[in-house]
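Okay, here's what each chain looks like letter by letter:
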Amino acid sequence: VESLQKTFAEVHRVLKDEGVFVFSEGHPCAEGKLVQYEGENVYAIRDYFKRRKIYWEDKLPDGTRVKMFSYHRPLQDYFEALLKEGFTVLRYLEPERLPKSRLLRKERESIEKICEARDDYASMGLVPFVFIIKAVKRSYSKCARGIFQK
């Protein structure tokens with residue numbers, strides 16, 4: 001979403017007190033690139049703090065290419081927007097890559113045959129590709145909302 005503040009304010013408005021808000025988002029570190037450095041795979045991240053709109057093209061299973069975009073922002077923006085709107089964060093997760101033994105057969109075959117899939121799988125072992133936040137609207141949150149405003 002373009003505006004976290006507006007989105008979180010609307011979620012806060014429609015939730016009942018003690019209502020739970022769970023969402024996931026692409027991790028800002030996942031926008032880097034797998035590179036070789038001194039013979040090792042490393043994940044290079046540039047301009048982490050630069051807030052911007054990012055465009056890319058994705059390929060669907062039928063081969064169709066789709067133009068997509070997202071908004072890059074550092075993790076602190078999510079936490080600050082949640083706190084400002086009166087949420088309490090209950091959980092924060094950065095799921096780790098599954099071992100190959102736990103992947104579906106089709107996924108393992110893709111990693112073995114397709115260079116892009118192999119690189120993606122290697123990258124997922126270096127940085128999280130998504131994060132998940134579970135927050136709650138506290139009944140006292142309206143009183144505390146002003147504390148976090150700049």
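Before any of the text, the structure's been laid out above.
Owing to the predicted nature of the structure, the values given are computational and were not obtained by experimental measurement.

### Quick notes on a negative patch on the surface
Among the surface-exposed residues, Asp58, Glu116, Asp119 and Asp120 lie close enough to one another that they form a single negatively charged patch. Per-element accounting of the negative patch gives the leading share, three residues, to helix 4 (residues 115-124). Along the chain, aspartate 58 falls in strand 4 (residues 52-59).

### Observations regarding the side chain of glutamate 85
Residue position: glutamate 85 is located in the loop between helix 2 (75-84) and strand 6 (87-93). Polar side-chain contacts of glutamate 85 include one of 2.7 Å to the side chain of glutamine 5.

### With respect to the pairing of strand 5 (residues 65-72)
Judged from the eight bridges that link them, strand 4 and strand 5 form a sheet pairing that is antiparallel. Paired with isoleucine 54 across the two strands is serine 70, which belongs to strand 5. Two successive antiparallel strands, strand 4 and strand 5, enclose a turn made up of five residues, where glycine 63 displays a positive phi of approximately 95°.

### Points about the pattern of salt bridges
The full count for this structure, using the stated rule, is six salt bridges. Note that arginine 138 and glutamate 18 form a salt bridge whose closest N and O atoms lie 3.0 Å from each other. Note that arginine 138 is positioned in the loop between strand 7 (130-137) and helix 5 (141-144) and glutamate 18 in the loop between helix 1 (4-14) and strand 1 (20-26), a separation of 120 residues in sequence. Here arginine 138 falls in the partly exposed class, since its relative accessible area comes to 22%. Two residues, arginine 51 and aspartate 77, come together in a salt bridge whose shortest N-O distance is 2.8 Å. Within this pair, whereas arginine 51 is found in the loop between strand 3 (40-44) and strand 4, its partner aspartate 77 is found in helix 2, the two being separated by 26 residues in sequence.

### Brief notes about the environment of proline 61
With respect to the helices and strands, proline 61 occurs in the loop between strand 4 and strand 5. The class of proline 61 is exposed, set by a relative accessible area of 88%. In this structure the C-alpha to C-alpha distance between proline 61 and tyrosine 71, which are 10 residues apart in sequence, comes to 25 Å.

### Some details on helix 2
Turning to helix 2, its buried residues are Leu75, Asp77, Tyr78, Ala81 and Leu82. Viewed end-on, helix 2 has its buried residues packed into an arc of 165°, placing them on one side of the element. If you follow the buried residues of helix 2, they end up packed against helix 1, strand 1, strand 5, strand 6 and strand 7. Remark: glycine 86 follows helix 2 within two positions and exhibits a positive phi of approximately 95°.

Scoring rules and cut-offs
- Residues numbered from 1 in each chain as written.
- Predicted model: local features only at pLDDT ≥ 70, side-chain atom pairs only at ≥ 80, totals over all residues.
- Heavy atoms only, no water.
- Patch = residues over 30% accessible without salt bridge, like charges linked within 9 Å, V, L, I, M, F, W, Y side chains within 5 Å.
- Areas by Shrake-Rupley, 256 points an atom, 1.4 Å probe, with all protein chains shown as cover.
- Salt bridge = Lys/Arg side-chain N within 4 Å of Asp/Glu carboxyl O.
- Lys, Arg positive; Asp, Glu negative; His and termini not counted.
- Charge placed at Lys NZ, Arg CZ, Asp CG, Glu CD.
- Helix = DSSP H or I, 4+ residues; strand = E, 2+ residues; numbered from the N terminus.
- Polar contact = N/O pair within 3.5 Å; in protein donor to acceptor, adjacent residues only side chain to side chain.
- Pairing = 2+ DSSP bridges.
- Buried < 20%, exposed > 50% of the residue type's maximum accessible area, 1.4 Å probe, protein only.
- Arc of directions from axis to C-beta.
- Contact = heavy atoms within 4.5 Å.

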